[in-house]
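Structural characterization, general
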Amino acid sequence: MKKTWNVAVVGATGAVGTQMIECLEERSFPVGQIKFLASARSAGQVLEFNGKPVPVEELTHDSFEGVDIALFSAGGARSDEFCPSAAKAGAVCIDNSSAWRMDKDVPLVVPEVNPHAIAGYKKKGIIANPNCSTIQMVVALKPLHDFGTIKRIVVSTYQAVSGTGNKAIEELRAQTVDLLNGRPPKNEIYPHRISFNCLPQIDSFCDNGYTKEEMKMVNETRKIMEADIATTATCVRVPVFYGHSESVNIETEKKITVAQARELLEDAPGVELVDNPANGEYPMAMDVAGEDLTLVGRIREDASIKNGLNLWIVADNLRKGAATNAVQIAEILVEKYLK
């Protein structure tokens, strides 16, 4: 087996791309050569990897010669266009966009939930990274599903602006400063002001009244969990910089008590139980920024149905919700599949 692997980060200057670079460094991924790719306007910038300068190159169809693994986070259109070129050149693409998630020949993977699905990468040379909100939810629900079989999920999300990218982070900052100084705020990234507001719209609306973000959670959960779980979602953008929060209600075939749920989650990979409400201890967005674990708390039985539980789930959307999940997939890929 090779000792090192040549890696390309596509969208290297973006919010998730920079986190991918950090994750590769922090997790000591065995990188041989690294290549940073982005749009023409970002080409020429110099980033660092393990303390050494690396120039950003313009993304083209010829960018992937000699690349073993390509981490994509440059938007669906670029993934749709360039992943096939990367795969043709011999790279395995791990794509963070929605472009390939529901393709039947592309595995959709959360390593704590369905690592075996990675084996399907050979069909197209692509592995899809799920939606950030879906990732943290299924990480928490997997052990509960294995124990009691989840029949239905009702989820409401409270999603940070970093999920939209660097420009949205700056828009929240600028609007907050303007409002606190008595100036009229400007909104360009979102359809309405996000500062001191909540927007019950993430992505565009579908014909059924749900947004695309909500339908991603519905469809991706079934594919990842490999189960026909009835899921309904309401996704809301909130004025938080980093960290998505979720209120999740599940109905199970077999009853799960609060004590059983806590025991299952305490032993679950990628999960940290933070559930002592009497002492004010529960997951909060401010606690997960820069962290890779999914925090779960506020666990309580749903008194309105026979076998129901409520949970509060929080994770860093740029880390476990995107970059860390992609690098974890790459780690399994080189350990078990690539030679």
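As the structure is a computational prediction, the values presented were derived from the model and not from experiment.

1. Comments concerning the overall build of the chain
Within the chain, the secondary structure is distributed over 8 helices and 13 strands. In summary, the chain has a C-alpha radius of gyration of 20 Å against a globular reference of 20 Å for 339 residues, a match within 12%. Across its three principal axes, the chain shows a C-alpha extent of roughly 60 × 55 × 40 Å. Evaluated residue by residue, the chain yields a buried proportion of 52% over its 339 residues.

2. Notes on the sheet that holds strand S9 (residues 230-237)
On the basis of which strands lie adjacent, the open sheet formed by 6 strands has the order S9-S8-S10-S13-S12-S11 and mixed pairing. Looking at which strands have only one partner, the edges of the open sheet turn out to be S9 and strand S11 (271-273). Mean inter-strand twist for the sheet, computed between neighbouring axes without regard to direction, equals 20 degrees. Contacts from helix H3 (residues 132-148) reach strand S8 (150-159), strand S10 (244-252), S11, strand S12 (294-301) and strand S13 (308-315) within the one sheet, and its direction differs from that of S10 by about 30 degrees. Together, S11, S12 and S13 form the strand contacts of helix H6 (residues 258-266), whose direction differs from that of S12 by roughly 170 degrees.

3. Quick notes on the packing of H3 against helix H5 (residues 212-225)
In the contact formed by H3 and H5, the axes pass within 10 Å of each other and the chain directions differ by 40 degrees. One way to sum up the angle between H3 and H5 is to call them oblique. H5 is crossed by H3, and the crossing has right-handed handedness. Residues Ser133, Thr134, Met137, Val138, Leu141, Lys142 and His145 of H3 pack against Glu213, Lys216, Met217, Glu220, Thr221, Ile224 and Met225 of H5.

4. Description of the packing of H3 against helix H8 (residues 319-337)
Look at H3 against H8: their axes get within 8 Å of each other, and the N-to-C directions meet at 85 degrees. Our classification of the angle between H3 and H8 gives roughly perpendicular. Contacts between H3 and H8 involve Cys132, Ile135 and Val139 from the former and Lys320, Gly321, Ala322 and Asn325 from the latter. Of the residues contributing to the contact of H3 with H8, the split by class is 4 nonpolar, 2 polar and 1 charged.

5. Overview of the pattern of salt bridges
This model, assessed by the stated rule, comprises 17 salt bridges. When the shortest N-O distance is used, the salt bridge between Glu170 and Arg173 registers 3.9 Å. Here Glu170 pairs with Arg173, and both are found in helix H4 (residues 166-180), just 3 residues apart, close to one helical turn. Note that Lys216 and Asp203 form a salt bridge whose closest N and O atoms lie 3.6 Å from each other.

6. What to know about the pairing of strand S3 (residues 46-49)
By the alternation rule, side chains of S3 split into Leu47 and Phe49, which are all buried, and Val46 and Glu48, of which none is buried. Bridging between S3 and strand S4 (residues 52-58) involves 4 bridges; their strand directions are antiparallel. If you follow Phe49 over to S4, its bridge partner there is Lys52.

7. Section: the UniProt feature "binding site: NADP(+)" (unreviewed entry) in the chain
The UniProt record marks Thr13, Gly14, Ala15, Val16, Arg41, Ser42, Ser162, Gly163 and Asn317 with the feature "binding site: NADP(+)" (unreviewed entry), using the residue numbering of this structure. The named residues occupy 305 residues along the chain; their greatest pairwise C-alpha distance, 25.9 Å, places them well apart from one another. With respect to the helices and strands, Ala15 occurs in helix H1 (residues 15-26). Setting aside residues up to four positions removed in sequence, Ala15 forms contacts with Gly165, Asn166 and Leu318. Inspection of the secondary structure puts Ser42 in the loop between strand S2 (31-38) and S3. Aside from chain neighbours lying at most four places away, what touches Ser42 is Thr13 and Val56.

8. Details of the side chain of Gln136
Within the secondary structure, Gln136 sits in helix H3. Among the polar contacts listed, one links the side chain of Gln136 to the backbone oxygen of His244, at a separation of 3.1 Å. Beyond its immediate sequence surroundings of up to four residues, Gln136 is in contact with His244, Ser245, Glu246, Thr294, Ile313, Val314 and Ala315.

9. Looking at the pairing of S13
A large share of S13 lies buried, amounting to 7 of its 8 residues. Pairing analysis gives 8 bridges linking S10 to S13, with the strands arranged antiparallel. Its bridge partner being in S13, His244 is matched across the sheet by Ala315. Counting the residues between successive antiparallel strands, the hairpin from S12 to S13 contains 6 residues.

10. Observations regarding the packing of aromatic side chains
Following the criterion strictly, the structure yields 3 aromatic pairs and no others. Between Phe64 and Phe72 the ring centres are 5.8 Å apart and the planes differ by 20 degrees, which places this aromatic pair in the stacked class. Given the relative accessible area of 0%, Phe72 is considered buried. Judged by centre distance (6.2 Å) and plane angle (70 degrees), the rings of Tyr121 and Tyr337 are edge-to-face. On the criterion of sequence distance, the pair formed by Tyr121 in the loop between strand S6 (92-95) and strand S7 (126-128) and Tyr337 in helix H8 is long-range, its members being 216 residues apart. For Tyr121, a relative accessible area of 9% corresponds to the buried category. The ring of Phe241 is capped by Arg173, whose NZ or CZ atom sits 5.2 Å from the centre of that ring. The cationic tip of Lys254 hangs over the ring face of Phe147; the distance from NZ or CZ to the ring centre is 4.1 Å.

Analysis parameters
Residues numbered from 1 in each chain as written. Predicted model: local features only at pLDDT ≥ 70, side-chain atom pairs only at ≥ 80, totals over all residues. Heavy atoms only, no water. Helix = DSSP H or I, 4+ residues; strand = E, 2+ residues; numbered from the N terminus. Rg over C-alpha atoms; globule rule 2.2 N^0.38 Å. Buried < 20%, exposed > 50% of the residue type's maximum accessible area, 1.4 Å probe, protein only. Pairing = 2+ DSSP bridges. Axes fitted to C-alpha atoms, helices over the stretch in contact; angles between N-to-C directions. Contact = heavy atoms within 4.5 Å. Parallel < 35°, antiparallel > 145°, perpendicular 65-115°, else oblique. Left-handed = near helix turned anticlockwise from the far one by under 90°. Nonpolar A, V, L, I, M, F, W, Y, C, P; charged D, E, K, R; others polar. Salt bridge = Lys/Arg side-chain N within 4 Å of Asp/Glu carboxyl O. UniProt positions renumbered as here; feature names shortened; annotations may be inferred. Polar contact = N/O pair within 3.5 Å; in protein donor to acceptor, adjacent residues only side chain to side chain. Phe/Tyr/Trp six-rings, centres within 6.5 Å; stacked < 30°, edge-to-face > 60°. Lys NZ or Arg CZ within 6 Å of the ring centre and 35° of its normal.

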